[in-house]
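Remarks on the overall topology
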Amino acid sequence: MPPRCHLRPATLADLDALQTLEALFPVDRMSRRHLRWALTRARATFLIAEIAGRVVGYGLNFYRAGCQHGRVYSIITHPDYRGLGIATQLLTALEAEARNHGYARMQLEVQTSNTAAIRFYEKHGYTACGLKPGYYDNGSDALKMGKTLQP
């Protein structure tokens, strides 16, 4: 039986752990300053996944005034904890929070070469709805994906 994962809102006390997780991304890492902004000033839902008190993942939604959709900005699980359903828990919770904020649709971008992430989002009902050439800081393209949320 896998260890129990607990989700909770991220706080400034999580900044070091978030920066450690962020370093796992191959491109477009959020700086410490950007993480702090997301924690304190952004219109966002920032969730931490913990197992036995250890931060093992996070999920982040951004919300824009006047926009018709929420945006999954980032989901990551520490490699030692992948395959336990943590990313699914985070995505489900982010979608629920978006519904609570009045959004009926979610959108996200994913690197076109990240086939595992694309399959993950497809498995959860996301479909391709566009391409953003040169979107990432290394010049790679992003696949734009979206999903209509069920009430």
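Attention here is on the structure that accompanies the text. (Residues numbered from 1 in each chain as written. Predicted model: local features only at pLDDT ≥ 70, side-chain atom pairs only at ≥ 80, totals over all residues. Heavy atoms only, no water.)

Moving on, we get to the pattern of salt bridges. In this structure the tally under the stated criterion is six salt bridges. For Arg-71, the salt bridge identified is with Glu-109, shortest N-O distance 2.8 Å. Here Glu-109 lies in strand β5 (residues 105-111) and Arg-71 lies in strand β4 (residues 70-77), a separation of 38 residues in the sequence. The partner of Lys-132 in a salt bridge is Glu-109, with the nearest N and O atoms 3.2 Å apart. Placement of the pair is Lys-132 in strand β6 (residues 127-132) and Glu-109 in strand β5, with a sequence separation of 23 residues. (Salt bridge = Lys/Arg side-chain N within 4 Å of Asp/Glu carboxyl O. Helix = DSSP H or I, 4+ residues; strand = E, 2+ residues; numbered from the N terminus.)

On to the pairing of strand β7 (residues 142-148). Where burial is concerned, most of β7 is hidden: five out of the seven residues are buried. As paired strands, β5 and β7 are joined by seven bridges and run antiparallel to one another. In the sheet register, Glu-109 faces β7, and the bridge partner there is Lys-144. Sheet topology note: the β6/β7 ladder contains five bridges and is antiparallel. Bridge pairing in β7 links Ala-128 to Met-145. (Buried < 20%, exposed > 50% of the residue type's maximum accessible area, 1.4 Å probe, protein only. Pairing = 2+ DSSP bridges.)

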